Amino acid sequence: MEENLEELERHKNELYRRLGEWGDFRRGTISVNYRKCGKAYCACAQAGHPGHGPQYLWNATIKGESRARNLRLGAELEKVGREVENYRRLIQWWDQWIEVNEKICQNRPVNRIEDEELEELKKKIKAEVWQEAQQEIGRLIARLLEAGHKRGGVDLEASESTIRASMHELGGRLLEGVLNGDKGDYRGSRIECGQGHQAEFVGYRNKRLQTVLAKIELKRAYYHCAVCRAGVIPKDVQLDVAGTCFSQPEADDGPGRRQGSLR
Ligand SMILES: [Zn+2]
Ligand SMILES: [Zn+2]
């Protein structure tokens, strides 16, 4: 059985979609009856005669009041039969609907990011960036010293720009870690598209983004509105990077131009 929230919400969506597939429905059941008319001279009065029929009867108890209707064999019986069957399916659907919703309640965390989660996230990003930083600084020192060794002295200007580029790259990793800490800004299985419709969650789409520091990869939850036939990406809106691969208008001095030795 599905366990995680995403799958449960997918299931909920699937159920929601199915609700629209059925036609008309009504409560009640259909029974077949044979009746004795009570007239002494009628054939039905004889022993072993089943009675007049078959007669099809729809009946239901609605708000404590019982209702019944005779159905003509053929089209009418078939129609009401379908309607009653649809109602039976609706009840099954309803049970599943409640079940999946309750499971979602069970799986949904109390807060979006609880303190504990935040602490964990801090540790995770720190560990990732720290490891990269150590490696990068090791490589950087080696490169600066080797270059200096070859030319008989460290070149100030070249060293400055090498260090700056390297720090930009490192900053990019840090920024990436922090920006992706929201797990793509997933906001549930459906969200407002902005035009008054519901957009459905499709999956995660990554985006390469040129920032002042370096190129980074953004993880984003992607929703699609069937009415607008357009994608909705809350994270792009939140970061104000919709429709661009730059975090700012193209900068004058070409940020993060260096081909980093990172990644
Ligand atoms: Zn009779
Ligand atoms: Zn829309």
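All figures in this text were calculated on a predicted structure; none of them were measured in a lab.

1. Observations concerning the overall build of the protein
- On a plain count of helices and strands, the protein comes out with 5 helices and 7 strands.
- If you list the helices and strands of the protein from N to C, you get α-β-β-β-α-α-α-β-β-β-β-α.
- Its C-alpha atoms give the protein a radius of gyration of 34 Å, more than 25% over the compact-globule value 18 Å for 263 residues.
- Counting only C-alpha atoms and orienting by the principal axes, one finds that the protein spans roughly 130 × 35 × 30 Å.
- In the protein, the proportion of contacts linking residues at least 24 apart, taken out of those at least 6 apart, comes to 61%.

2. Comments concerning the environment of E99
- With respect to the helices and strands, E99 occurs in helix α2 (residues 75-107).
- For the pair E99 and G138, spaced 39 residues apart in sequence, the C-alpha separation works out to 55 Å.

3. What about helix α4 (residues 156-179)?
- Between the first and last C-alpha of α4 there are 34 Å, a value that for 24 residues agrees with the 34 Å anticipated at 1.5 Å per step.
- By the burial criterion, the buried members of α4 are S166, E169, L170, G172, R173, L174, E176 and L179.
- Along its buried surface, α4 packs onto α3 (115-151) and β6 (215-225).

4. Re the pairing of strand β1 (residues 29-35)
- Counting buried positions along β1 yields 0 of 7 residues, so the element is predominantly exposed.
- Sheet topology places β1 next to strand β2 (residues 52-62); 6 bridges connect them, and they run antiparallel. Looking across to β2, one finds that N33 is bridged to Q55.

5. A short note on the domain arrangement of the protein
- In terms of domains, the protein is made up of domain 1 (5-107) and domain 2 (115-239).
- Averaged C-alpha coordinates put domain 1 and domain 2 at centres separated by 57 Å.

6. Re the environment of S189
- Along the chain, S189 falls in the loop between α4 and β4 (190-192).
- Sequence separation between S189 and K12 is 177 residues; the distance between their C-alpha atoms is 8.7 Å.

7. Structural notes on unusual backbone geometry
- Here the amide bond leading from G53 into P54 is cis, since omega sits at 5 degrees, within 30 degrees of zero.
- Positive phi, normally seen in glycine, also occurs at D240, with a value near 60 degrees.
- Among the secondary structure elements, D240 is positioned in the segment after α5 (234-239).

8. A few points about the nonpolar core
- By size, the foremost hydrophobic cluster in this structure holds 9 residues: Y186, A199, F201, A221, Y222, Y223, C225, V232 and I233.
- The element best represented in this core is β6, accounting for 4 residues.
- Grouped together as the second largest cluster of nonpolar side chains are 6 residues, L179, L209, A214 and I216 included.

9. Points about the sheet that holds β1
- The strand order β1-β2-β3 describes an open sheet built from 3 strands, whose pairing is antiparallel. The open sheet has two free edges, formed respectively by β1 and β3 (65-71), since each of these has just one partner strand. Adjacent strand axes in the sheet meet at a mean angle of 35 degrees when their direction is disregarded.
- Bridge count for β2 against β3 is 7 bridges, and the pairing is antiparallel.

Conventions used here
- Residues numbered from 1 in each chain as written.
- Chains lettered and ligands numbered in written order.
- Predicted model: local features only at pLDDT ≥ 70, side-chain atom pairs only at ≥ 80, totals over all residues.
- Helix = DSSP H or I, 4+ residues; strand = E, 2+ residues; numbered from the N terminus.
- Rg over C-alpha atoms; globule rule 2.2 N^0.38 Å.
- Contact = placed C-beta atoms within 7 Å.
- Expected span 1.5 Å × (residues − 1).
- Buried ≥ 20, exposed ≤ 12 C-beta atoms within 10 Å, placed from the backbone.
- Pairing = 2+ DSSP bridges.
- Domains from an automatic or database assignment.
- Core = buried A, V, L, I, M, F, W, Y, C linked by C-beta atoms within 7 Å.
- Axes fitted to C-alpha atoms, helices over the stretch in contact; angles between N-to-C directions.

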